[in-house]
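Here's the letter readout for the chains.
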Amino acid sequence: MPGRPCTVDSARPRVKSCSPEMLKLRDRKPHGHLTIEPRRVHCCKELEETVSGRSAELLAINDRLAEEINARKKVEAALLASEERYRRVFENTGNATILIESDMTISMANARAEKLVGIPREKFLGKTRCIDFVTPAHKERLQQYHERRRQGQQDVPGRFEFQMTDGNGRILDILANVQWIPESGQSVASLMDITRSNALQRERAQLATVIDQSAEAVIISGGLGQVEYVNQAFERLSGFSRDESIGQGMDAAFFSDEDRNIFRKMTSMMCGKDTWSGRVENNRKDGTVYIADTRIFPVCDERGKILNLVCVKTDVTDEIQLRKQLQHGQKMEALGTLAGGIAHDFNNILGGILGYTEISLLKSKGNPDLERSLGRIMDGCQRARELVQNILTFSRDKEEEMQPIEIQGIVKEALKLLRASIPSTVEFRQHICAEACMVNASPTQIHQVVMNLCTNASHAMEHGGGILDVGLENIAITRHNKNVPPQTIPGPYALLTVKDTGDGIDPGTRERIFEPYFTTKEQTGGTGLGLSVVHGIVKAWGGSIRVTSKKGVGTLFQIYLPRIENCTEADRPVDIERPTGRECVLVADDELFIIEIMADMLGSLGYAVQTASSGLEALQCFSQNPNRFDLVIADLTMPKITGKQLARKIKQLRKDIPIVLATGMAFDLQAEKDEYKEFAAVLKKPILYNELAKTLRQVLDGPGHEARPPVH
């Protein structure tokens, strides 16, 4: 259709467009009658309709274009807002975050990443690979992870740890969380510095190891008193395992009543800084008791609120038992010293009685009645002498060597000592064999065995009384004997039995009676050492012990000691004629009674005697004429100058003079030979006539000493 199209402005009001011909017809003024051809009119209408339709289409298109433009503007605005929002999130995220390209170059990094790396971003963005910051030990592993992500592998760890070096040269522990973006081949890595956290964990692990390996038992409870932790030392000490202990409350069996009271007081406080310490008794899982030095202290937060309570226990059971043993030993040492002093004085008195009795016996020949009376005095003095010697064995601090001995007399003397200390409600019975009973032992240890066994037996009957039966007999054990300890070797034995009618011993206690420090008499001061000492002594002798007991009936201890059979009557010493002499003897003693009896005894044996009432007097007497004397007898304990000091001074004046030591104390010259090398022999007070005569002749007739008449 002729004519040019008109443009449409959607912002302006619509105007219908017309062709030039139509404009001419519209503008022509009517004058007269106008005749229009029908065909031309029809064409005009079609043209108008066409133009109108096209205009409507253009308007619709314009509307749609405007809507699309507005929508695009909104999308662009939204994209810009979203990009800004994501950029702010990326920049302000809590962790260091970087965007890694496929070639491992860092293309983006937030402020946290810049701070972590320690280098301004403009110096490494797009220029540095992320792998360049990784330490050599971890670099290859991270490269493998990256390559496997590019290859699409699904099993690549997305969360892992590594170490990196920052711009200041510090090595940091990093926890990485990496996400792969398949569309772009990029990776987003969130990095967290865990250097301090790892250091704290290592420190915590070290502390936990130290606590767990500590020798002290540690219990940690929560604020409500529930046990949260126990270490290995607690498991060993209490017998309760960790699984049995954790979760327990204050009523747990391993807590004492005192523990519970302190815990309750501390848990009831809102805050606290106090620490409690003390010594308490606790029960083990097996029911036994141990004593522990206990410290309980709170663990508080920064505001002082109690978070946990820590209980630390140190087992001091053995220490207390050792202290009791030491105190007991000191007490026995004091008693031994006292006994030694009393025995020394008693021996001096007894020596005079014995000496004059023996001299009187020599003069009473032909008077049977007088001989019998003096013999009874001698028997009593001899028993008293042996009793004193037995008492003195307990005051010695050195062990005696084992030797063949007849034990009947030692057992009887031990029972005599015990009789005075055992309550009268206990009936005492003894069955000691008459034939020789020789064993390889020491007298002191025989005493210990008898006294410990009998003392325990009497304690079992101290409330209701009963019968204490002690027996000693010779037996022979064969392979067919059944009622003997299984480790007993067949052969001749001395069987020592101690039987009581007390309460008996239950099976559980019977299994532990020989353990050191085990005692059922804690309240009465029992040390738990008596039966363990007996067990050790018997084992050292090569013997064995059998214990049988029945609750409410009593207990029987059977001690099997290997017996010596080849010691016949011919092997034993026999009485020989009392030897005499003519030598000159100097006697030094501070007891006038002893000086007089020694002068009489030596004079009756034929010796010339010079006496001195002190060590100083004896030294002066010897100094005046050293060659006058053939032998010196010196008491061990004298004022001002002791027997040992006197012997040394005399040896300085004359080296070849033999000196005999006289003492009422328990003394073994062989054991003390280095310290008492000046002495040739020992006379034990009270000095018996025969022993005096034999000892002097053994010394005077020994090598280097020839008999000669006295010099007056």
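As shown above, the structure is provided for reference.
Model, not experiment: these values are computed from the prediction.

## Points about helix α16 (residues 615-624)
Those residues of α16 that sit buried are Gly615, Ala618, Leu619, Cys621 and Phe622. Relative to the axis of α16, the buried residues are bounded by an arc of 165° and lie together on one face. Buried positions along α16 lie against β18 (584-588), β19 (608-612), β20 (631-635) and α17 (643-653).

## Brief notes about the sheet that holds strand β7 (residues 227-230)
An order of β7-β6-β10-β9-β8 is seen for the five strands of this open sheet, with the pairing classed as antiparallel. Edge positions in the sheet fall to β7 and β8 (276-283), since each has one partner strand and no second. Ignoring strand direction, the axes of neighbouring strands in this sheet form an average angle of 25°. In this structure, β8 lies alongside strand β9 (residues 289-300), joined through eight bridges in antiparallel fashion. Residue Asn283 lies in a different strand from β9, and its bridge partner there is Val289.

## Focus: the packing of helix α15 (residues 592-604) against helix α18 (residues 689-700)
Packing of α15 against α18 brings their axes to within 11 Å, and their N-to-C directions diverge by 65°. Judged by the sense of rotation from one axis to the other, the crossing of α15 with α18 is right-handed. Facing Met598, Met601, Leu602 and Ser604 of α15, the residues of α18 in contact are Tyr689, Leu692 and Leu696.

## Section: the sheet that holds strand β5 (residues 186-193)
The strand order across the open sheet built from five strands is β2-β1-β5-β4-β3, with neighbouring strands paired in antiparallel fashion. Every other strand in the sheet has two partners, leaving β2 (106-109) and β3 (159-165) as the edge strands with one partner each. Going across the sheet, the axis of each strand differs from the next one's by a mean of 30°, ignoring polarity. Where strand β4 (residues 171-181) lies against β5, eight bridges are found, and the strand directions are antiparallel. Within the sheet, the bridge partner assigned to Ala176 lies in β5 and is Leu191. Each of β1 (96-100), β3, β4 and β5 is contacted by helix α4 (residues 136-150), which is oriented at about 135° to β3, the strand it contacts most.

## Overview of the nonpolar core
Inside soluble globular proteins, nonpolar side chains tend to come together where they are buried. Ranked by internal contacts, the top residues of the largest apolar core, which has 40 residues, are Ile407, Ile446, Val450, Leu468 and Leu472. With six residues, the top contributor of residues to this core is helix α12 (residues 443-459). Here Ile407 is in contact with Cys437, Val439, Ile446, Leu472, Ala494 and Leu561, once residues within four sequence places are set aside. Counting residues in hydrophobic clusters, the runner-up holds 26 residues, among them Ala96, Val134, Tyr145 and Phe160.

## Considering the packing of aromatic side chains
As enumerated under the stated definition, the model contains nine aromatic pairs in all. Cluster of aromatic residues (ring-pair linked, three or more members): Phe234, Phe240, Phe254 and Phe255. Above the plane of the ring of Tyr676 lies Lys644, whose end atom (NZ or CZ) is 4.8 Å from the centre.

## Details of the pairing of β19
Bridge count between β18 and β19: five bridges; the pairing is parallel. By the bridge assignment for β19, Val585 is matched with Val609. For the handedness criterion, the β-α-β arrangement of β18, α15 and β19 is classed as right-handed.

## Overview of the pattern of salt bridges
Taken as a whole and judged by the stated rule, the model has 18 salt bridges. A salt bridge links Arg148 to Asp155, with the nearest nitrogen and oxygen atoms 3.2 Å apart. Looking at Arg148, the relative accessible area reads 23%, which means it is partly exposed. Between Lys685 and Asp589 there is a salt bridge, with its nearest N and O atoms 2.7 Å apart. Taken together, the residues Lys685 in the loop between β22 (681-684) and α18 and Asp589 in the loop between β18 and α15 connect sequence positions 96 residues apart. Each of Asp212, Glu235 and Arg242 takes part in one network of salt bridges that share partners.

Conventions used here
Residues numbered from 1 in each chain as written. Predicted model: local features only at pLDDT ≥ 70, side-chain atom pairs only at ≥ 80, totals over all residues. Heavy atoms only, no water. Buried < 20%, exposed > 50% of the residue type's maximum accessible area, 1.4 Å probe, protein only. Helix = DSSP H or I, 4+ residues; strand = E, 2+ residues; numbered from the N terminus. Arc of directions from axis to C-beta. Contact = heavy atoms within 4.5 Å. Pairing = 2+ DSSP bridges. Axes fitted to C-alpha atoms, helices over the stretch in contact; angles between N-to-C directions. Left-handed = near helix turned anticlockwise from the far one by under 90°. Core = buried A, V, L, I, M, F, W, Y, C linked by side-chain atoms within 4.5 Å. Phe/Tyr/Trp six-rings, centres within 6.5 Å; stacked < 30°, edge-to-face > 60°. Lys NZ or Arg CZ within 6 Å of the ring centre and 35° of its normal. Right-handed = clockwise from strand over helix to strand, strands pointing away. Salt bridge = Lys/Arg side-chain N within 4 Å of Asp/Glu carboxyl O.

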